[in-house]
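Coordinates in review
Spelled out from the first residue to the last, the chains are:
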Amino acid sequence: DRTMQDGEAIESRMVTKRIEGAQKKVEERHFESRKHLLEYDEVMDEQRKRVYAYRQQILDGINCRELIMDMISEQAQRRVSEFLDRDYRWEVVTEWAAADFGIRVNIAEIRNSTREELEIVLRDSALRQSREDVTDQIEECLLQDVDESEWNWQALTRWANSRYNLGLNDKKLRAEPREAIFDLLTDRIEPVIERYDFATVDIFLEDLFPLRSMCEWLRQQYTLDASPEQFNHDTDEEVIETTLGLLDQLYRDKEVEFPVTVGINNFLIARQAGGERSDREGLVQWASDRFDQPITMSDIANRQRDQIRAALLDFSERSFEAGEKLRGEIDELCFNGQSPTNGETTELALATELPRITEWVQSSFGVTIDSDDWTGLEPEDARQRLLSLYDSRFRPELGQAERSLILEILDTAWKDHLYHMDHLRSGIGLVGYAQKDPKTEYKREGMAAFDLMWERIGEQVTSSIFRIEIQSPEFVGSLWEVAATSHAEAGSVYDEVATEQTEGGGPQPGAEVEVIQPIRNTAPRVGRNDPCPCGSGKKYKKCCGSPN
């Protein structure tokens, strides 16, 4: 035997194989960990792509009015179909019975029942379930295989009083044998059930109840006032079509009213709230430019605010109608009056119509467009650009409100969804105890939550856009600054840098450029136990080097 020297290699086939095997196991474990992480991240990656692509479309200028109208159409068709379903009233009855009386009943047991039959079914179900619940509570609180001193009389009494309001105390129950508890409780519960008042079911059994519920939902969601009588004799398809028509008209009225609300808020309400005089002259000048109509002080002089609003609504209505005519010409310009069929025909149609589009934009919006920027565009992209010009001219206030609202709700919902997915992932491994694959369940529940997120976004957007003046008056005020801003032509960043250098006495061309030296600490390094450089006499770690 000899002693190994420093740096001498260990040459042993057994040791080499052991090291290789250990390294392989470590690499396999790390690979499985990365693979496991990637499989979970695939779900979020797909969701992330969809959300960011949708958000980027909004930032790129997609027409948000069409997005909102699609949300309204999808929601209305889905929810109205639910209200018109033949089992809707019976679903409401089952939910009401469970919430108010704790009665569990299936729709099949009560479907098409009369008032008397429904009450009998509900009362019989309540009696039957009360006996089952009493038996379960006795088995749970008064266990036969434990000593009587450990029986939980208080829990049994608390359940009976909270569920049926019997007014019992545990001392009275303790005085009875276990076999008599069931009869004692059921005898007291039956009179309580007999006193149940089911008068509310008369509302659910009315012929117009589904339509009345639908109209109430339309009012809460969209502020649409509709009466069930106007849908009474329509088929389901006609009800959906009529509802969509009413919502479309409601949003059109919103487009007419919103700019007037913003203008009055800026020139009258906001100034008066700030202690200033209302600027009626400014309001007249703004309205003349905004609605492209001759408006004078005589149109609003000596009038109250409501009268001024009514007068401006007339001008806004005429301006909106003129804009609607231009909006109807956009599809004809981009698709040559035909619906898009394939890429070749639509691209050829756009190329041939480009001179006409340029002339139309100049005459309609007073804007000169560069044909080179439009060459090669898909017809839908060109259409979105034209709609953006239309919004900036005829609906700048509401267009900006739509865009800001969707982005805000989307961002908030996405952050909440990420938080929910983190919680879901942290606990999804527990489903393995139920013989389920955690990754499969994570994907299933994650996509279900993702779909609910989009549904929630749509409901919040469509509900808020009709109430934006009431819910967020500060936001309406901020829209004035956005709509009234005129952007100067953006210069090159290099020009700005050159200007700053010239104004700040920067180096001239050909001059030697001064190199900025990095900052270095040239002082000697102080150890933790060395005397502190401040001269206190303490160690550095107890003085200036202390974390406190």
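Look above for the structure.
Read on for a plain summary of the structure. (Residues numbered from 1 in each chain as written. Predicted model: local features only at pLDDT ≥ 70, side-chain atom pairs only at ≥ 80, totals over all residues. Heavy atoms only, no water.)

**Considerations on the overall build of the protein chain**
Note the threshold: Secondary structure is summarised from DSSP: a helix means a run of H or I of at least four residues, a strand means a run of E of at least two, and numbering begins at the N terminus for each. Only heavy atoms matter for contacts: two residues are in contact if any of them lie within 4.5 Å across the pair. Shrake-Rupley sampling with a 1.4 Å probe provides the accessible areas, and residues are treated as covered by the protein chains on show and by no other component.
Along the protein chain, the regular secondary structure elements total 21 helices and 0 strands. Excluding contacts between residues fewer than 6 apart, the proportion of contacts in the protein chain whose partners are at least 24 apart in sequence is 66%. When the accessible surface of the protein chain is summed, it comes to about 34500 Å², and 48% of that surface belongs to carbon and sulfur atoms.

**A look at the pattern of salt bridges**
For clarity, the cut-off: Only one rule defines a salt bridge in this text: a Lys or Arg side-chain nitrogen within 4 Å of an Asp or Glu carboxyl oxygen. Burial classes follow relative accessibility: with a 1.4 Å probe on protein chains only, a residue under 20% of its type's maximum area counts as buried, one over 50% as exposed, and anything between as partly exposed.
In total, this model carries 32 salt bridges according to the counting rule given. With a closest N to O distance of 3.1 Å, Glu74 and Arg78 form a salt bridge. Here Glu74 pairs with Arg78, and both are found in helix α2 (residues 64-84), just 4 residues apart, close to one helical turn. On the basis of relative accessible area, Arg78 is assigned to the partly exposed category, the value being 24%. The partner of Glu455 in a salt bridge is Arg78, and the shortest N-O contact between them spans 3.4 Å.

**Focus: the nonpolar core**
What counts is decided by this rule: Joining through side-chain atoms within 4.5 Å is the link that ties buried Ala, Val, Leu, Ile, Met, Phe, Trp, Tyr and Cys residues into a set, and such a set is a nonpolar core.
By size, the foremost hydrophobic cluster in this structure holds 95 residues, and its most contacted members are Leu122, Leu185, Met214 and Tyr222. The element best represented in this core is helix α17 (residues 396-427), accounting for 11 residues. With residues near it in sequence (within four places) discarded, Met214 still touches Val80, Phe83, Phe231, Val239 and Thr243. Counting 20 residues, the second largest nonpolar core, distinct from the first, contains Phe320, Leu354, Trp360 and Ala382.

**Examining a nonpolar patch on the surface**
What counts, and what does not: Patches in this entry comprise residues that are over 30% relatively accessible and not in a salt bridge; like charges within 9 Å are linked, as are nonpolar side chains (Val, Leu, Ile, Met, Phe, Trp, Tyr) within 5 Å.
On the surface, a cluster of nonpolar side chains totalling about 410 Å² of accessible area is made up of Ile10, Met14, Val15 and Ile19. As for its placement among the helices and strands, Ile19 is situated in helix α1 (residues 13-59). Exposure remark for Ile19: the relative accessible area of 53% places this residue in the exposed category.

**Some remarks on the packing of α2 against helix α18 (residues 438-465)**
Keep this limit in mind: Here an axis means a line fitted to C-alpha atoms, over the contact stretch when the element is a helix, while the angle between two N-to-C directions is reported on a 0 to 180 degree scale. Any angle that is under 35 degrees is reported as roughly parallel, and any over 145 degrees as roughly antiparallel; angles of 65 to 115 degrees are reported as roughly perpendicular and all others as oblique. Residue type decides the class: Asp, Glu, Lys and Arg count as charged, Ala, Val, Leu, Ile, Met, Phe, Trp, Tyr, Cys and Pro as nonpolar, and the leftover types, Gly among them, as polar.
In contact at an axis separation of 10 Å, α2 and α18 are set at 110° when each is read in the N-to-C sense. Between α2 and α18, the angle falls in the class roughly perpendicular. Contacts between α2 and α18 pair Ile68, Met71, Ile72, Gln75 and Arg78 from the former with Glu455, Gly458, Glu459, Val461, Thr462 and Ile465 from the latter. Its residues assigned to classes, the contact of α2 with α18 shows 5 nonpolar, 3 polar and 3 charged.

**A short note on unusual backbone geometry**
Positioned with a positive phi, Asn112 is a non-glycine residue whose angle comes to about 60°. Inspection of the secondary structure puts Asn112 in the loop between α4 (107-110) and α5 (115-141). On the accessibility criterion, Asn112 (62% relative accessible area) is exposed. Here the phi dihedral of Thr223 falls at roughly 60°; this positive angle occurs in a residue that is not glycine.

**Side note on helix α16 (residues 379-394)**
Inclusion rule: Any helix carries an expected span of 1.5 Å times its number of residues minus one.
For α16, with 16 residues, the first-to-last C-alpha span of 22 Å sits near the 22 Å given by 1.5 Å per residue. Every buried residue of α16 is accounted for by Pro379, Ala382, Arg383, Gln384, Leu386, Leu387, Tyr390, Asp391 and Phe394.

**Focus on empty space enclosed by the protein**
So the rule is basically this: Cavities and pockets were defined on a 1 Å grid built over protein atoms only: a cavity is a set of grid points that admits a 1.4 Å probe from which the probe cannot escape, a pocket is an open set flanked by protein on both sides within 12 Å along at least five of seven lines, and lining residues are those with an atom within 4 Å of any such point. Grid points are joined across faces, edges and corners, and a volume is the space filled by probe spheres set on the points.
Within the structure shown, the criterion is met by 2 cavities of 30 Å³ or more. What the largest cavity holds in volume is close to 60 Å³. Taken together, Glu255, Pro259, Arg290, Phe291, Ser316, Ser319, Phe320, Phe394 and Arg395 make up the lining of the largest cavity. Elements with a contribution of two residues or more to the lining of the largest cavity: α11 (236-273), α12 (280-291) and α13 (305-335). The element best represented in the lining of the largest cavity is α13, accounting for 3 residues. Along the lines of polarity and charge, the residues of the lining of the largest cavity split into 4 nonpolar, 2 polar and 3 charged. In this model, the second largest cavity occupies a volume close to 30 Å³. Every residue along the wall of the second largest cavity is listed here: Phe101, Gly102, Ile103, Ala126, Gln129, Arg163, Tyr164, Ile193 and Tyr196. Its residues assigned to classes, the lining of the second largest cavity comprises 6 nonpolar, 2 polar and 1 charged.

**What to know about the environment of Ser73**
Structurally, Ser73 is set in helix α2. Judged by relative accessible area, Ser73 falls into the partly exposed class, the value being 23%. Taking the C-alpha atoms as reference points, Ser73 and Leu247, separated by 174 residues in sequence, lie 8.6 Å from one another.

**Observations regarding a negative patch on the surface**
The cut-off we apply is this: In summary, the charge assignment counts Lys and Arg as positive and Asp and Glu as negative, without counting His or the chain termini. We put the charge of a Lys on NZ, of an Arg on CZ, of an Asp on CG and of a Glu on CD.
Residues Asp236, Glu237, Glu238 and Glu241 make up a contiguous surface patch of negative charge. Along the polypeptide, Asp236 turns up in helix α11. Looking at Asp236, the relative accessible area reads 41%, which means it is partly exposed.

**Considering the environment of Glu216**
Filter applied, for reference: Whenever two N or O atoms come within 3.5 Å, that pair is a polar contact, provided that in protein one can donate a hydrogen and the other can accept it, and provided that, for residues adjacent in sequence, both atoms are side-chain atoms.
Its location among the elements puts Glu216 in helix α10 (residues 209-222). Glu216 gets classed as partly exposed once you look at its relative accessible area, which sits at 34%. For the pair Glu216 and Pro228, spaced 12 residues apart in the sequence, the C-alpha separation amounts to 9.4 Å. Side chain to side chain, Glu216 and Gln220 meet in a polar contact 3.0 Å long.

**Here's the deal with the state of the cysteines**
Our working definition: Put simply, a disulfide is two cysteine sulfurs that come within 2.5 Å.
Considering all chains together, one arrives at 0 disulfides under this definition. Cysteine Cys532 remains unbridged, with the sulfur of Cys534 as its closest cysteine sulfur at 3.3 Å.

**Considering the side chain of Asp87**
Mapped onto the elements, Asp87 comes out in the loop between α2 and α3 (88-101). Setting aside residues no more than four positions away along its own chain, Asp87 makes contact with Ile107 and Arg111.

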